[in-house]
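Descriptive structure summary
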Amino acid sequence: MVLAGPGLTAVNHVIIDRMQSPVALIPELAGHLIAGGGKRLRPMLTLGCAALLDYGGTRHHKLAAAVEFIHTATLLHDDVVDASGLRRGKATANRLWGNPASVLVGDFLFSRAFELMVEDGSLRVLKILSSASAIIAEGEVAQLTAQREVETSEDRYLEIITAKTAALFSAACQISGVVAERGPDVENALESYGRNLGIAFQLVDDAIDFVSDADTMGKDVGDDFRDGKVTLPIILAYARGSEDERQFWRDAMRGKRVGPEDLIEAQRLLGTSKAISDTMARARHYGARAMDALSGFPNGPARRALTETVEFAIARAY
């Protein structure tokens, strides 16, 4: 998002300043992930939506930093839960410093995020971002309880990703409407844009787990498959499979068939059932809904950048 450049520099200054601590391990560990090649997509959405509204102030800089701290904290916690060893092509913090340090630094970043919200002084902003934080946690717990449950419904899956991924996208966009004081209709449009973009983003992530590689994804291909995460490609392939194919998915999700040859078989079944292509079709559907949410805003660089963000989110699979 080209237009976010100067604002993103200001946000990065806030991030670097607020991740400091006299406890040396905190900035060291946090900096490993924050400076580890992330695209700053969520704070860029805050900046882009503020530009869409011609907001001329600076409140959104601290709030965009708060959004990035919430995101980073959830990544630190997720990697502990998933026992992940690779993120963005680098060793994860929990692999380098251990689980306890990762969890505690994640807690520190959550606290920093809430400090920034309080400093902003808007109860409306505080409500939106604190609610998003709670919803993200609920989504992660819901995903944990659905793990290895191969008969999870598509509706349930969408509820989970709306909570664990799309909630922060939508909050990051909506708060720009608050600081620009543009009223509930504008806030709702921005929330809809972010929510639908977030759903599309996660659908693509779940598809490319099976079709990409570590250089592209920053994690090993098939990580979700080996972890027993029931994502939409698996839900569709299971629903469309023969009894033998369904048994394969049941065994795989229970951890009985997760070797290299099993991943190849999973990729074959996903191809013959059109589960990957249909997952991408759904991603494009939600991407279109995100772009439709911008229809009431004037054309210009900001709207084009937000539209291109949707296109980028989907094009990552190719």
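Further up the page is the structure itself.
Below you will find a few notes about this structure. These numbers come from a predicted model, not from an experiment.

About the thresholds
- Residues numbered from 1 in each chain as written.
- Predicted model: local features only at pLDDT ≥ 70, side-chain atom pairs only at ≥ 80, totals over all residues.
- Heavy atoms only, no water.
- Helix = DSSP H or I, 4+ residues; strand = E, 2+ residues; numbered from the N terminus.
- Rg over C-alpha atoms; globule rule 2.2 N^0.38 Å.
- Contact = heavy atoms within 4.5 Å.
- Areas by Shrake-Rupley, 256 points an atom, 1.4 Å probe, with all protein chains shown as cover.
- Lys, Arg positive; Asp, Glu negative; His and termini not counted.
- Charge placed at Lys NZ, Arg CZ, Asp CG, Glu CD.
- 1 Å grid on protein atoms, 1.4 Å probe; cavity = no way out; pocket = protein on both sides within 12 Å on 5 of 7 lines; lining within 4 Å.
- Points joined across faces, edges and corners; volume = space filled by probe spheres on them.
- Nonpolar A, V, L, I, M, F, W, Y, C, P; charged D, E, K, R; others polar.
- Disulfide = S-S within 2.5 Å.
- Buried < 20%, exposed > 50% of the residue type's maximum accessible area, 1.4 Å probe, protein only.
- Axes fitted to C-alpha atoms, helices over the stretch in contact; angles between N-to-C directions.
- Parallel < 35°, antiparallel > 145°, perpendicular 65-115°, else oblique.
- Left-handed = near helix turned anticlockwise from the far one by under 90°.
- Core = buried A, V, L, I, M, F, W, Y, C linked by side-chain atoms within 4.5 Å.

With that settled, the discussion passes to the overall build of the protein chain. Across its full length, the protein chain holds 16 helices and two strands. Rg of the C-alpha trace for the protein chain: 20 Å, near the compact-globule value of 20 Å for 318 residues, within the 12% margin. Across its three principal axes, the protein chain shows a C-alpha extent of roughly 60 × 50 × 30 Å. Sequence-distant contacts, at least 24 apart, represent 76% of the contacts inside the protein chain between residues at least 6 apart. Here the protein chain has roughly 13600 Å² of accessible surface; of this, 53% comes from carbon and sulfur atoms. Between the centroid of the 35 positive side chains of the protein chain and the centroid of its 42 negative side chains there is a distance of 2 Å.

On to the layout of surface pockets, then. Looking at the second largest pocket, its volume works out to about 260 Å³. Taken together, 15 residues form the lining of the second largest pocket, with D78, V81, A137, E140 and V141 sitting closest to its centre. For the lining of the second largest pocket, the secondary-structure elements that each account for two or more residues are α4 (59-82) and α7 (123-146). Residues belonging to the lining of the second largest pocket are distributed by class as follows: six nonpolar, five polar and four charged.

Counted under the stated rule, the structure contains zero disulfides. A disulfide-free cysteine, C49 has its sulfur positioned 3.7 Å from the sulfur of C173, the nearest such atom. Residue C49 is classed as buried on the basis of its relative accessible area, which comes to 0%. Owing to a relative accessible area of 0%, C173 belongs among the buried residues under this scheme.

At a minimum axis distance of 7 Å, the contact between helix α8 (residues 154-179) and helix α9 (residues 184-211) shows a crossing angle of 140 degrees. Taken together, the axes of α8 and α9 lie oblique to each other. Considering the relative orientation of α8 and α9, their crossing is right-handed. Its residues assigned to classes, the contact of α8 with α9 comprises 13 nonpolar, eight polar and five charged.

Time to look at the nonpolar core. One finds Y193, F225 and W249 to be the most contacted residues of the largest nonpolar core, which totals 101 residues. Among residues more than four places away in sequence, those in contact with F225 are D209, F210, F248, W249, A252, M253, R257, V258, D262, L263 and A266.

Let's shift gears to the packing of helix α3 (residues 41-52) against α4. Close contact between α3 and α4 brings their axes to 8 Å; oriented N to C, the two are set at 155 degrees. Judged on the interaxial angle alone, α4 and α3 are roughly antiparallel. In the packing of α3 onto α4, the handedness of the crossing is right-handed. Between α3, through R42, P43, T46, L47 and A50, and α4, the contact on the second element is made entirely by H60, H61, A64, V67, E68 and H71.

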